Amino acid sequence: MPSYIVIGGGILGASTAYHLAKENVQVTLVDRKDLGQATDAAAGIICPWISQRRNKKWYELVKNGAKYYNQLVEELKTLGETSTGYKQVGAIALHKDEKKLQKMLERAIEKREDAPEIGELKILTAEETKALFPLISEDFSSLYVEGAARVDGRAMRDALIGGAQKLGAEIIYGNAEISNGSVLVNGKLLSTDRIVLTAGAWGNELPLKLGADMKVSSQKAQIMHFRIENEATGDWPVVLPPTNQYLLAFDDGRVVAGSTYEENTKFDISVTEAGKLELIEKSTSIAKLLETSLIEEVRVGFRPYTPEFLPIIGKVPGFDSIYFANGLGASGLTAGPFVGAELARLALGEKTVLDLSAYAPV
């Protein structure tokens, strides 16, 4: 039986291990459990269609990622993994300028032609917007996107790992080193046919030791969790303000506000006063009622980026049996499960949904 070792157990590595395990091969997932793993901190917004980012290669990944979720969640349910943290709740994209909302609607209608999962699109009045997300201030109208969803990164990762284990995969927690095509973990040398590197923000460590610079960088994010009392928050839609911030709610009275975008912090996992102040100011500017809510926690994660902010998917240059994917950045929870499925197909020698040569390492 062919054997595969996946190094890095965030959303991408967990998905890769799961999809490999579905194909009756021997799979071992190795994760170092680094503090600040992006998946561990993230609350995901699955609504890529209204982004103004124009990179078509990026859009193909996130569009397919959003489409893939419903199929994946149903698969995981059949394995008993029902706590995925995923729910289609819709999204409201806020704005005070009616003309800009109309332009946003026109772009989304155009994209719906090849992404019918977008679902219903309509402009909501300020009153209709507040009815859907009661914390929102009264002066925002919005574009409603029916097909949008939210996902808890930890829960989805754990469901994927649980599913992989039920299909026969093994997970080992520890540091991995590559030696002559084998992997050394916790003092034990593991032989394997193929190695898959999905180590996120730490993704350049092993390639550099192999003589390959994959140019992975990272960006710190702080994400604030509020506790809302006496509100049924589970069906509230994702909130997308005109800025790069967001609000989303979960079933247990949690409202999550994110996030900061901090450069040159290395791997400092500290929650900073500046970060908290930014999150409070930006979230209360659209939802003033949060001023009286309890701050339950602030999570810190490091998003991985590669050159041109476009993910890299392919073989490590010079190594036919070592595969690599990284650089999903802020789109990790949208694209990660789909990219993991594609990476598994690539490593298995199967046909992929997309032409992955467009994402190959240079």
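As the structure is a prediction and not an experimental result, all values here were calculated from the model.

What counts, and at which threshold
- All residue numbers refer to position in the chain's written sequence, counted from 1.
- Only residues with pLDDT of at least 70 get local features here, since the model is predicted, and only at 80 or more are side-chain atom pairs given and counted; chain-wide, interface and lining totals rely on the full set of residues.
- Processing note: side-chain calculations cover all non-hydrogen atoms of the structure and skip hydrogens and water entirely.
- Secondary structure counts use DSSP, requiring at least four H or I residues in a row for a helix and at least two E residues in a row for a strand, with both numbered from the N terminus.
- Each residue gets one of three labels from its accessible area relative to the maximum for its type: buried under 20%, exposed over 50%, partly exposed in between, using a 1.4 Å probe on protein chains only.
- The term salt bridge refers to a pairing of a side-chain nitrogen on Lys or Arg with a carboxyl oxygen on Asp or Glu at a separation within 4 Å.
- Helix axes are fitted to C-alpha atoms over the stretch in contact, other axes to C-alpha atoms as well, and angles between N-to-C directions run from 0 to 180 degrees.
- Reported orientations rely on four angle classes, namely roughly parallel under 35 degrees, roughly antiparallel over 145, roughly perpendicular from 65 to 115, and oblique for the rest.
- Contacts are residue-level and defined by heavy atoms, with any inter-residue pair within 4.5 Å sufficient.
- We call Asp, Glu, Lys and Arg charged. Ala, Val, Leu, Ile, Met, Phe, Trp, Tyr, Cys and Pro are nonpolar, and the rest, Gly among them, are polar.

(A) The arrangement of unusual backbone geometry in detail. Cis geometry is found at the peptide bond from G258 to S259, where omega equals -20 degrees. Tracing the chain through its elements places S259 in the loop between β17 (254-258) and α8 (273-284). Positive phi values are uncommon outside glycine, yet N180 reaches one of about 50 degrees. The topology assignment puts N180 in the loop between β10 (176-179) and β11 (182-185). When its relative accessible area of 81% is taken as the criterion, N180 is described as exposed.

(B) Expanded view of the pattern of salt bridges. In this structure the tally under the stated criterion is 24 salt bridges. E60 is paired through a salt bridge with K63; the nearest N and O atoms lie 3.5 Å apart. Of this pair, E60 and K63 are both found in helix α3 (residues 56-78), 3 residues apart, which corresponds to roughly one turn of the helix. Between D251 and R150 there is a salt bridge, with the nearest N and O atoms lying 3.1 Å from each other. Placement of D251 in the loop between β16 (246-249) and β17 and of R150 in strand β8 (residues 149-152) is noted, with a sequence separation of 101 residues between them. The exposure class of R150 is buried, given its relative accessible area of 3%. One salt-bridge network, in which partners are shared between bridges, spans D40, R154, R157 and D158.

(C) How the structure looks around the packing of α3 against helix α9 (residues 332-348). Two numbers describe how α3 lies on α9: the axes approach to 7 Å, and their chain directions differ by 80 degrees. The pairing of α3 with α9 is recorded here as roughly perpendicular in orientation. Contacts from L61, V62, N64, G65, A66, Y68, Y69 and L72 in α3 reach L333, T334, A335, P337, F338, V339 and A341 in α9. A per-class count over the contact of α3 with α9 returns 12 nonpolar, 3 polar and no charged.

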